[in-house]
Amino acid sequence: MSDTMYDAVVVGAGMAGLTSAAYLSRAGKKVLLIEKNDEVGGLVNSFSRNGFRFDAGVRALEDAGIIRPMMKDLGIELETVPSPVSLGIEGEILNIEGLESLDGYRELLKRFYPGSGGEIDALIKIIRKIMKHMDVLYGIENPMFKDLRRDWNFLFGTLLPWFPRFLSTVGKINRMQYPVEDRLESLLSNPSLRDIVSQHFFQNTPTFFALSYFSLYLDYFYFKGGVGKLSEALRDKILERGGEVRTGTKVTEVSPADLTVTDDKGGLYSYRSLVWASDLKTLYGMIEPDALPPGIRAEFEDKKAEILAAGTSESVFTLFLEVDEPLESFRKIAHGHFFYTPSRRGLGRTHRSELADLLKNFDRIEKTELHSWLDRFTALNTYEISVPGLKDETMVPPGKTGVIVSFLAEYELFKKVEEAGLLGEFVSGLEDRVIRVLSESVYPMLKDRGLEKFSFSPLSIRARIASSGGSIVGWRFRKDLPVVHEIQAAARSVRTPLPSVYQAGQWAYSPAGVPMSILTGKLAADAVLKGK
């Protein structure tokens, strides 16, 4: 039991929590950061195994005018390298080297879908337009990480001239918030082509953010030693400035009336402000409205009902491979960040309607039906593949290669498989199918040169980062999102109906991502410091 009063307790040491705690400790506040895992970073984390170093969540980072300014503002210096991207369909692979590669992408699509030439031209035209919007949106260092009272050159020379363009661009972005599937259906008549363009996006991703992918590909970068280096650096900054970081500790109770937090070891911590940078369903689920003052009870009850009823986004399945093959063999095929689709057919009904039927009738289906669905799902999917050693050769033992393969997966399916007592068999079969598909198409060396394999399922993600539904980006994209999803309203995203409680991270703003987690973490810290 602790009798210490903290200026701020921050729950969750992902990027949002780390950012909040770093800024609060820099401001001289007495800060405690609590994290349920033994390591910090959440989905921005790297780990070692058998001499290989892997990234547990994100494979590379997009600056978005946020990450590098935050690092500069906090005095964090890390070595970075580019993380170039390749795109592949069946036997054709396009290495993206710059803006001119968009023309190569157009021709690649036309070769596979020769009857859709005009529609592909229209798609590329929209992507180019969105890329121009992205240039405005992320074209300057985010002013949240600048001292505008002292940096007059930035204020008058950069920010003020940029601001009218930003407002105009935001209006155009907000008019493209409808689901990308709807836009592509009106644009592309070939369903396979629609799948190839969109099947690696989360369902109902807003059109603007989905079709901005080519801009993101041009801007990806990587930290030497793995993406987790950023999380470690933020943790070190917190400790350097007198903040406390308590890992391996799970928060079990929050009492807004008493301004206290309780952990699973019996620790009790008093706070003046609380920053919740973890799963919002967990926070709202553990607080009983009857314990709140009458003045905020009704508002909290409404928000609690909204939060608990909201759907979470799809999760991912990630396969890690240790391969007895030199990096050069993989370098000849594609870059170290690779989006690959082994079949031009696309998933079609396999990932959506067939999966919905499978889940609805799971108790009645035969194992052979499940295996048949898995065969189609793995053969037609799109895979995000990362080869960390192609970005940093120190990530692997000499003469060997680590490979990370990810794809969208439904938490509910894995939950039902687990309840049926089939999880081990199911996961092993899924791993083997992915290896077979890739070894028979783009990476033949995976068939005979594999050393070890292991995987993270949506259930693993749920257990590790306490994320509802194993979600990695927060909420399922719908019109009735329970959080802020307009860029111009981002500052409101950290507010809650609870006194002295702020929210940050992937659950606080949608669409989520590492830059927005950092930004909401900074916004939450600023709100604490201003006492709002």
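Attention in this report is confined to the structure presented alongside it. If you're wondering where the values come from, they're calculated on a predicted model, not measured in any experiment.

## What to know about the packing of aromatic side chains
Here is step 1 of the chain: In the structure shown here, the tally under the stated rule is 36 aromatic pairs.
Here is step 2 of the chain: Where F54 meets F320, the ring centres are 5.4 Å apart and the plane angle is 75°; that geometry is what we call edge-to-face. With F54 in strand β4 (residues 52-55) and F320 in strand β14 (residues 315-323), the pair connects residues that are 266 residues apart, well separated along the chain. The pair formed by F54 and F320 is uniform in burial state, with each residue classed as buried.
Here is step 3 of the chain: Where W152 meets F156, the ring centres are 5.7 Å apart and the plane angle is 70°; that geometry is what we call edge-to-face. One end of the pair, W152, and the other, F156, are both in helix α5 (residues 152-174), 4 residues apart, so they sit about a helical turn from each other.
Here is step 4 of the chain: We classify W152 as exposed; its relative accessible area is 54%.
Here is step 5 of the chain: In this structure F156 comes out as partly exposed when scored by relative accessible area, which is 49%.
Here is step 6 of the chain: Each member of the aromatic cluster is reached from another via a ring pair, and the members are Y105, F201, Y213, F214, Y217, Y220 and F339.
Here is step 7 of the chain: A cation sits over an aromatic face here: R68 above F221, 4.0 Å from the ring centre.
Here is step 8 of the chain: For the cation-ring pair, K522 lies above Y23, with the distance from its terminal atom to the ring centre recorded as 5.0 Å.

## Remarks on the pattern of salt bridges
Here is step 1 of the chain: Counted by the stated rule, this structure contains 38 salt bridges.
Here is step 2 of the chain: A salt bridge links E425 to K367; the nearest nitrogen and oxygen atoms lie 3.3 Å apart. With E425 in helix α17 (residues 423-439) and K367 in helix α15 (residues 367-380), this residue pair connects regions lying 58 residues apart in the sequence.
Here is step 3 of the chain: Assessed through its relative accessible area of 39%, E425 is described here as partly exposed.
Here is step 4 of the chain: On the basis of relative accessible area, K367 is assigned to the partly exposed category, the value being 42%.
Here is step 5 of the chain: In this structure, R478 engages D480 in a salt bridge whose closest nitrogen and oxygen atoms are separated by 3.1 Å.
Here is step 6 of the chain: The class for R478 is partly exposed, based on a relative accessible area of 36%.

## Observations concerning the side chain of T318
Here is step 1 of the chain: The residue T318 is located in strand β14 in this model.
Here is step 2 of the chain: Here T318 falls in the buried class, since its relative accessible area comes to 3%.
Here is step 3 of the chain: For T318, the side chain forms a polar contact with the side chain of S406, separated by 3.0 Å.
Here is step 4 of the chain: Setting aside residues up to four positions removed in sequence, T318 forms contacts with R59, I404, V405, S406, F454, S455 and F456.

## Points about the side chain of S439
Here is step 1 of the chain: Positionally, S439 belongs in helix α17.
Here is step 2 of the chain: For S439, the side chain forms a polar contact with the main-chain oxygen of R436, separated by 3.1 Å.
Here is step 3 of the chain: Other than its neighbours up to four places away in sequence, S439 contacts P444, L446 and K447.

## Let's talk about the environment of L123
Here is step 1 of the chain: Residue placement: L123 occurs in helix α4 (residues 117-137).
Here is step 2 of the chain: Residues L123 and L211, 88 residues apart in the sequence, show an inter-C-alpha distance of 9.1 Å.
Here is step 3 of the chain: Those residues in contact with L123 that lie beyond four places of it in its chain are L109, L184, L187, L188, V197 and L211.

## Notes on the nonpolar core
Here is step 1 of the chain: Of all hydrophobic cores here, the largest spans 99 residues; its most connected members are Y105 and F214.
Here is step 2 of the chain: Looking at which element gives the most residues to this core, the answer is α4, with 10 residues.
Here is step 3 of the chain: Contact partners of F214, with chain neighbours within four places excluded, come to L87, I96, G98, S101, L102, Y105, I127 and M131.
Here is step 4 of the chain: In this structure, I404, F407, L430 and L438 belong to the second largest nonpolar core, which totals 52 residues.

## Some thoughts on the sheet that holds strand β17 (residues 401-409)
Here is step 1 of the chain: Read from one edge of the open sheet, 7 strands run β8-β7-β15-β16-β17-β14-β18, paired in mixed fashion. Two strands in the sheet have a free side with no partner beyond their single neighbour: β8 (92-95) and β18 (450-456). Between one strand and the next, the sheet's axes are offset by a mean angle of 20°, whatever the strand orientation.
Here is step 2 of the chain: Of the strand pairs in this sheet, strand β15 (residues 337-341) and strand β16 (residues 383-386) are connected by 4 bridges, and their pairing is antiparallel. Paired with F338 across the bridge in β16 is I385.
Here is step 3 of the chain: Across the sheet, helix α3 (residues 101-112) lies against β7 (85-89) and β8, angled at about 170° from β8, the strand it touches most.
Here is step 4 of the chain: Lying on the sheet, helix α18 (residues 458-465) is in contact with β14, β17 and β18; it crosses β14 at an angle near 100°.

Each value, and the rule that gives it
Residues numbered from 1 in each chain as written. Predicted model: local features only at pLDDT ≥ 70, side-chain atom pairs only at ≥ 80, totals over all residues. Heavy atoms only, no water. Phe/Tyr/Trp six-rings, centres within 6.5 Å; stacked < 30°, edge-to-face > 60°. Helix = DSSP H or I, 4+ residues; strand = E, 2+ residues; numbered from the N terminus. Buried < 20%, exposed > 50% of the residue type's maximum accessible area, 1.4 Å probe, protein only. Lys NZ or Arg CZ within 6 Å of the ring centre and 35° of its normal. Salt bridge = Lys/Arg side-chain N within 4 Å of Asp/Glu carboxyl O. Polar contact = N/O pair within 3.5 Å; in protein donor to acceptor, adjacent residues only side chain to side chain. Contact = heavy atoms within 4.5 Å. Core = buried A, V, L, I, M, F, W, Y, C linked by side-chain atoms within 4.5 Å. Pairing = 2+ DSSP bridges. Axes fitted to C-alpha atoms, helices over the stretch in contact; angles between N-to-C directions.

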